[in-house]
Amino acid sequence: GEGKSISEKKNFKLKKKHKVKKEKSSSNDGNKDKKGAAKSEKINDVKERKLNLFEAETGNDDAYISGFSVIEVKSDDITAEIAALSALPGVTTVEEDAMMHIMSTDYQKKLRGEGGVAEHVREIQDSIKATADEIGGYSNQNERRLAEETTPYGITMVNADYVWNKGDPPSTIKICVVDTGYDLGHEDLPTEADGVAGWNDPSGEFGLWNNDGNGHGTHCAGTIGAIGNNNKGVTSVNPDPSNFDFFIGKGLHDSGSGSDSNIMNAVEQCVNNGAKVISMSIGCDGSVCYSEATNSFFEEVYDEGVLVIAAAGNSAKDYWGYPAGYPTVMSVGSVTSSGSLSSFSTRNEQVEITGPGSSVKSTVPNNQYDTYSG
């Protein structure tokens, strides 16, 4: 990529052969069943060539799902290094580890020309309304502490209150947020006493799951599960912490960026700890984003009965971003409070649903609240 030295350190994912008990079927048919023809056709031309190469070399046409390892190399010839690694026994794919980041945007960027004037006006109005709702609760101009509970516009837009009136669910569900972490101890969020748990890379490179030095992960968690009816801050789509458990996967640094492989590790921990829904407001922008190994990984997660949801992106155009672009991941676009498409939202055939994403008020670290878009 631009500005990169060919001799710098690179992370690579090695995909290894692992047979699994699974009915043999064409890759296209399987992906169409899971997410539709348009996305499967775009992805499976690559995947089928890899699978056919595996069959030709081994004489075994059983379906397989991959595991992966991550190694760090330093070489003056990255192409040769990839070729050498690819020749190792049991390795079917060697890919550069993509860089991931949070899906967040700000109004200054949009006002410089991204999106139409009408959308900008609507989003500015959303921001003004959200700020006006908070003014009475400020303890000073530098803090966003709400004196009483408010209901973000998105809660009623998605009819969350209709679900609340249906009564408690028959059992609790575990929801995983893979992001920059979680501000454990926030006055308006569930605590460990409510079943909150999490994971971070044991090396400590990404920090602790229960500390969010960025704020994005805590903001996403608040939209999902801020405590309701406590006269504090905001409410959420799941206001009763007795009805669900949070599991937090710290997949990104406090800077808001990280690696595809660490996202996969975080998701794996979510699944291993019983999560049935995984939320990821993250994505990848650049030439090295699609990964065959990651695609296979999310197929495994799908087969475990886990719903994985990811932000479509903030490209403001027809752009295929990942992980939202994988066939077994639900891609979510953004709308304003009026229900119109946000000017920054990615818009293409992979987007399956949209939700409130312009000027969303939620929790941020240190018992504070803020309005984000993305």
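Read on for an overview of the structure. Residue numbers run consecutively from 1 along every chain, following the written order of its sequence. Residues qualify for local features only when their pLDDT is at least 70, as the model is predicted, and side-chain atom pairs are given and counted only at 80 or more; totals for whole chains, interfaces and linings, by contrast, use all residues. Remark: hydrogens and water are excluded; side-chain values derive from all non-hydrogen atoms of the structure.

## Topic: the sheet that holds strand E10 (residues 282-283)
Here comes step 1: Whether two strands pair comes down to DSSP finding at least two bridges between them. Working definition: helices are DSSP H or I runs of at least four residues, strands are E runs of at least two. Numbering for both runs from the N terminus. Reading across from one edge, E8-E4-E10 is the order of the three strands in this open sheet, with antiparallel pairing throughout. Sheet topology places strand E8 (257-259) and E10 at the edges, where each strand pairs with a single neighbour.
Here comes step 2: Its contacts with the sheet put helix H9 (residues 260-272) on strand E4 (99-102), E8 and E10, and the angle it makes with E8 is roughly 80 degrees. Only heavy atoms enter the contact rule, under which two residues are in contact if any of them lie within 4.5 Å. Here the axes come from fitting lines to C-alpha atoms, over the contacting stretch only for helices, and the angles between their N-to-C directions go from 0 to 180 degrees.

## A closer look at the nonpolar core
Here comes step 1: The set of buried Ala, Val, Leu, Ile, Met, Phe, Trp, Tyr and Cys residues whose side-chain atoms join them within 4.5 Å is what this entry labels a nonpolar core. In this scheme, a residue with accessible area under 20% of its type's maximum is buried, one over 50% is exposed, and one in between is partly exposed, where area comes from a 1.4 Å probe on protein chains only. One finds Val178, Ile263, Val267, Ile278, Met280, Phe298 and Val308 to be the most contacted residues of the largest nonpolar core, which totals 31 residues.
Here comes step 2: Taken together, the elements giving at least two residues each to this core come down to E4, strand E5 (173-179), H9, strand E9 (277-280), helix H10 (292-303) and strand E11 (307-311).
Here comes step 3: Of the residues forming this core, the biggest block, six residues, is contributed by H9.
Here comes step 4: Setting aside chain neighbours within four positions, we find Ile263 in contact with Met100, Val178, Gly251, Leu252, Met280 and Ile282.

## With respect to the sheet that holds strand E13 (residues 353-356)
Here comes step 1: If you walk across this open sheet you meet the seven strands as E6-E7-E5-E9-E11-E12-E13, and the pairing is parallel. With partners counted over all chains shown, the strands left at the sheet margins are strand E6 (197-199) and E13, one partner each. Taking each pair of neighbouring strands and ignoring which way they run, the sheet shows an average axis angle of 25 degrees.
Here comes step 2: Taken together, the four bridges between strand E12 (residues 330-335) and E13 define a ladder with parallel strand orientation. By the bridge assignment for E13, Val332 is matched with Ile353.

## Points about the pattern of salt bridges
Here comes step 1: We count a salt bridge whenever a side-chain nitrogen from Lys or Arg sits within 4 Å of a carboxyl oxygen from Asp or Glu. All chains considered together, the criterion is met by one salt bridge.
Here comes step 2: Across the salt bridge formed by Lys250 and Asp254, the nearest N and O atoms sit 2.6 Å from each other.
Here comes step 3: You can call Lys250 buried: its relative accessible area is 0%.

## A short note on the side chain of Asp201
Here comes step 1: Note on placement: Asp201 falls in the loop between E6 and helix H8 (216-225).
Here comes step 2: No salt bridge forms around the buried Asp201; measuring N to O, its nearest opposite-charge neighbour Lys250 is 12 Å away.
Here comes step 3: As used in this structure description, the phrase polar contact means that two N or O atoms lie within 3.5 Å; if the pair is within protein, one of them must be able to donate a hydrogen and the other to accept it, and residues adjacent in sequence are counted only when both atoms belong to side chains. At 2.6 Å, the side chain of Asp201 and the side chain of Ser203 are in polar contact.
Here comes step 4: Residues contacting Asp201, with those up to four places away along its chain left out, are Phe206 and Asn262. For the charge count, each Lys or Arg is scored as positive and each Asp or Glu as negative, with His and the chain ends excluded.

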